[in-house]
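So the chains spell out like this:
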Amino acid sequence: MKRIVVTGMGCISALGHDCNEFSRKLLRGESGIGPITEFDTEDLIVKVAAEVKDYDGSVLFPEKQLAQIDRFSQFALLASKEAIADSGLDLKGRLSERTAVVHGTGVGGQSTQETSSYRIFEGAKRLHPFTVARLMPSAGASWISMEFGIIGPTFATTSACASSGHAIAMALMMMRAGMADVAVTGGSEASVTAGTIRAWEGLRVMAKDTCRPFCRTRGGMVIGEGAGTLILETLEHAQARGAKIYAELIGVGMSADAHNLIQPLAEGAARAMRAALDDAGVSPEAVDYINAHGTATAQNDPTETEAIHAVFGSHAARIAVSSTKSMHGHTLGASSALEAIAAIVALNEQIAPPTANFREPDPQCDLDYVPNTARPMHIEVALSNSFAFGGLNTSLLFRRYPTKS
Amino acid sequence: MSEEIGNIVLDVLAKHTQIDREKVTLETRLNSVGVDSLMMVEIIFELEERFDISIPDPEFAGQQNKQFETVADVVRVVKELIEQQQTTS
């Protein structure tokens with residue numbers, strides 16, 4: 001089977017506009033969560049989010065393009081531009097046909113959807129002609145294809161908070177099957193909007209101050225926004241051009257809970273992790289670091305802890321498990337991609353990023369969550385979990401390259 | 001009014017749990033009739049809409065399940081919020 005490696009990374013999030021800033025803040029345990037600035041929160045219960053800061057799309061994109069591109073597609077493009085440049089790939093000629101784009105999103109053009117609906121209900125007689133093209137969830141993938149002239153298999157995946165996990169899994173499988181040599185994959189989300197925050201408030205899973213995963217006094221999740229893109233490449237293609245290799249994507253696991261739209265199930269989460277280990281053919285004892293789903297809701301954190309115990313047995317106590325959502329927030333459809341980058345940063349730097357904002361242990365959550373301070377340690381294999389609403393799960397397994405074991 | 005509030009809470013609870021209205025009383029424990037955190041969110045939403053009140057969350061997410069133990073707890077909180085609203089408006 002073809003081996004697939006990561007040769008480029010790009011991201012934009014509350015932790016900054018590129019991967020360097022992301023990894024620097026991540027390892028410092030710096031949280032990007034703060035008061036919402038994009039709209040008036042006076043009537044909202046939840047007034048915090050992990051927004052992309054100092055962002056003005058109107059200076060980054062030409063006016064003509066701005067009319068056609070939602071904020072989520074802007075993020076998808078910016079993360080992908082960084083990742084492609086980082087890879088050093090020239091995606092022209094035959095390679096443009098041999099490159100795939102698989103970019104996920106949970107909801108797509110949410111701000112376009114909300115502002116358009118508002119106009120209609122306020123009595124507007126017409127909407128901007130590009131409204132449909134702005135809000136479709138596949139717009140991000142289309143923009144990446146158009147901007148970089150990529151003409152291989154191109155589509156979006158959507159599975160709520162596992163959207164980009166499924167994107168990365170699809171890309172991996174197409175490349176293993178020989179349908180592409182390179183993939184631009186990940187996900188994007190820009191749904192820090194008044195309507196989305198209101199909708200999440202209704203579920204009563206939202207923190208009012210900040211995100212404190214696995215902590216006894218956690219108040220719930222904090223919505224974030226941003227995008228993450230990985231450049232996946234077959235090992236032979238990467239080696240032939242002498243590319244810098246960040247890590248090897250050795251396995252993916254996917255599963256469904258078949259249980260409930262909202263409540264997670266430990267068994268489903270455990271099956272995704274086991275499937276990733278089986279796919280890679282590595283034993284549970286090989287895993288050193290887990291970037292947890294870790295949303296900081298009442299339900300997720302004990303359930304995920306239980307699942308990790310079920311899969312890893314006595315080895316669970318030796319794994320560093322952290323939730324970087326404490327810093328970049330829950331970016332929904334972008335979260336698997338951003339957290340995959342966090343896991344790769346951990347492999348490259350040999351440092352486990354912390355779970356920030358941690359105050360006191362919860363008796364229901366008894367693993368090593370790397371509270372508040374990053375930890376230098378040996379990391380050969382890292383797992384990244386995403387367990388979405390609707391019980392759709394992905395686990396991505398990365399190994400250091402070249403591996404030492 | 002007070003009795004009416006209690007009756008409405010019992011109606012809402014019976015509707016969501018699909019248990020005979022006669023079988024739920026103020027002393028009924030919510031978890032004994034299958035009210036989990038998700039159903040509680042739906043019940044709270046319906047009560048907020050009916051009475052035009054806002055039922056606050058507990059401080060920590062982990063306390064959510066302990067906020068209301070019996071039907072009487074729900075009725076008491078709803079009454080308090082309605083009274084607060086009447087005195088402020």
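Coordinates for the structure precede this section.
Let us look at the structure shown here. (Residues numbered from 1 in each chain as written. Chains lettered and ligands numbered in written order. Predicted model: local features only at pLDDT ≥ 70, side-chain atom pairs only at ≥ 80, totals over all residues. Heavy atoms only, no water.)

## A word on the pairing of strand β13 (residues 381-388) of chain A
Residue and element names in this part refer to chain A. Just so we agree on the cut-off: When accessible area is computed with a 1.4 Å probe and restricted to protein chains, residues below 20% of their type maximum are described as buried, those above 50% as exposed, and intermediate ones as partly exposed. The helix and strand labels rest on DSSP assignments: H or I over at least four residues marks a helix, E over at least two residues marks a strand, and numbering proceeds from the N terminus. Each pair of strands is called paired provided DSSP finds at least two bridges between the two strands.
Extensive coverage of β13 is indicated by the burial of eight of its eight residues. Of the two faces of β13, both are covered, the one formed by Val381, Leu383, Asn385 and Phe387 as well as the one formed by Ala382, Ser384, Ser386 and Ala388. Pairing of strand β9 (residues 289-291) with β13, which is carried by three bridges, proceeds in the parallel orientation. Across the sheet, the residue bridging to Tyr289 is Ala382, located in β13. For β13 and strand β14 (residues 392-400), the ladder comprises eight bridges, and the chain directions are antiparallel. Paired with Ser384 across the two strands is Leu396, which belongs to β14.

## So, the interface of chain B and chain A
Inclusion rule: Between two residues, a contact is recorded if the distance between any of their heavy atoms is within 4.5 Å. By salt bridge we mean one thing: a side-chain nitrogen of Lys or Arg within 4 Å of a carboxyl oxygen of Asp or Glu. Whenever a nitrogen or oxygen atom comes within 3.5 Å of another N or O atom, the pair is scored as a polar contact, on the condition that within protein one atom can donate a hydrogen and the other can accept it, and that pairs from neighbouring residues in sequence are kept only if both atoms are in side chains. Only Asp, Glu, Lys and Arg are considered charged in this grouping, and only Ala, Val, Leu, Ile, Met, Phe, Trp, Tyr, Cys and Pro are considered nonpolar; every other residue, Gly among them, is considered polar.
Counting residues at the interface gives 14 residues for chain B, matched by 17 residues for chain A. The tally of links from chain B across to chain A stands at three salt bridges. With a shortest N-O distance of 2.5 Å, Arg204 of chain A and Glu48 of chain B are connected by a salt bridge. One can count five residue pairs in polar contact (both at pLDDT 80 or more) joining chain B with chain A. Here the side of chain B that touches chain A is composed, by residue class, of seven nonpolar, three polar and four charged.

## Concerning the nonpolar core
Nonpolar side chains tend toward joint burial in soluble globular proteins. Residue and element names in this part refer to chain A. Under the convention used in this document: Nonpolar cores were defined as sets of buried Ala, Val, Leu, Ile, Met, Phe, Trp, Tyr and Cys residues, with membership established by side-chain atoms within 4.5 Å.
If you look at the biggest cluster of nonpolar residues, it comprises 46 residues, and the most contacted ones within it are Leu230, Leu232 and Phe398. Secondary structure elements with two or more residues in this core: β1 (4-12), α1 (19-28), β4 (99-104), α9 (163-176), β7 (226-234), β8 (247-256), α15 (335-349) and β14. Broken down by element, the residue count for this core peaks at 10 residues, all from α15. Beyond its immediate stretch of four places on either side in the chain, Phe398 contacts Val6, Leu230, Glu248, Leu249, Ile250, Ala340, Ile344, Leu347, Glu380, Val381 and Ala382. If you look at the next biggest cluster of nonpolar residues, it comprises 28 residues, including Met273, Val287, Phe312 and Leu383.

## Some points on the pattern of salt bridges
Following the criterion strictly, the structure yields 30 salt bridges over all chains and no others. Its salt-bridge partner being Glu38 of chain A, residue Arg71 of chain A comes within 3.9 Å of it at the nearest N-O pair. Pair noted here: Arg71 of chain A is in helix α4 (residues 71-87) and Glu38 of chain A is in the loop between β2 (34-35) and β3 (48-49), with a separation of 33 residues, a long-range link. Classification of Glu38 of chain A as partly exposed rests on a relative accessible area of 45%. Across the pair Glu46 of chain B and Lys15 of chain B runs a salt bridge whose closest N-O atoms are separated by 2.9 Å. Taken together, the residues Glu46 of chain B in helix α2 (residues 37-51) and Lys15 of chain B in helix α1 (residues 2-17) connect sequence positions 31 residues apart. Because the salt bridges share partners, they merge into one network encompassing Arg204 and Lys208 of chain A together with Glu48 and Asp57 of chain B.

## Focus on the pairing of β8 of chain A
Residue and element names in this part refer to chain A. Most of β8 is tucked away, with eight of its 10 residues classed as buried. The sheet contact formed by β1 and β8 spans two bridges and is antiparallel. Its bridge partner lying in β8, Val6 is registered against Ala247. Pairing between β8 and β14: nine bridges, direction antiparallel. Looking at β14, one finds that Gly253 is bridged to Ser395.

## Points about the packing of α1 of chain B against α2 of chain B
All names here are of chain B. The condition that has to hold: Axis angles are defined between N-to-C directions and span 0 to 180 degrees, where every axis is a line fitted to C-alpha atoms and, for a helix, only to the segment in contact. Relative orientations are named as follows: roughly parallel for angles under 35 degrees, roughly antiparallel for angles over 145 degrees, roughly perpendicular for angles from 65 to 115 degrees, and oblique for any other angle. Handedness of each helix crossing follows the sense of rotation of the near helix against the far helix: counterclockwise by less than a right angle gives left-handed, clockwise gives right-handed.
Packing of α1 against α2 leaves a shortest axis separation of 10 Å and a crossing angle of 140°. Classified by the angle between their axes, α1 and α2 sit oblique to one another. Our pair here, α1 against α2, has a crossing hand that is right-handed. Contacts between α1 and α2 involve Ile5, Ile8, Val9, Val12, Leu13, Lys15, His16 and Thr17 from the first element and Met39, Glu42, Ile43, Glu46, Leu47, Arg50 and Phe51 from the second.

## Observations concerning helix α6 (residues 110-121) of chain A
All names here are of chain A. Threshold: How far a helix is expected to stretch is found by multiplying one less than its residue total by 1.5 Å. Note that the arc is computed from the directions linking the helix axis to the C-beta atoms.
In this model α6 runs 16 Å from its N-terminal to its C-terminal C-alpha over 12 residues, within 8% of the 16 Å that 1.5 Å per residue would give. Of the residues making up α6, those classed as buried are Gln110, Thr112 and Ser116. Mapping the buried residues of α6 onto a view down its axis gives an arc of 160°, with all of them on the same face. Turned more than 90 degrees off the buried face of α6, the exposed positions are Tyr118 and Phe121.

## Section: helix α3 (residues 71-88) of chain B
Residue and element names in this part refer to chain B. Between its first and last C-alpha atoms α3 spans 26 Å; for 18 residues at 1.5 Å apiece the expected length is 26 Å, and the two agree. Of the positions making up α3, those classed as buried are Val71, Asp73, Val74, Val75, Val77, Val78, Leu81 and Ile82. Turning to α3, the residues buried within the fold contact α1 and α2.

## Overview of the side chain of Asp301 of chain A
Residue and element names in this part refer to chain A. Looking at the element boundaries, Asp301 is found in helix α13 (residues 300-312). When its relative accessible area of 0% is taken as the criterion, Asp301 is described as buried. Not counting the four nearest positions on each side in its chain, Asp301 is found in contact with Pro213, Phe214, Arg218, Gly294, Thr295, Ala296 and Cys365.

## Considerations on the environment of Ile84 of chain A
Residue and element names in this part refer to chain A. Positionally, Ile84 belongs in helix α4. Using a relative accessible area of 9% as the deciding quantity, one classes Ile84 as buried. In this structure Ile84 touches Leu89, Leu91, Phe148, Ile150, Val184 and Ile231, once residues within four positions along its chain are discounted.

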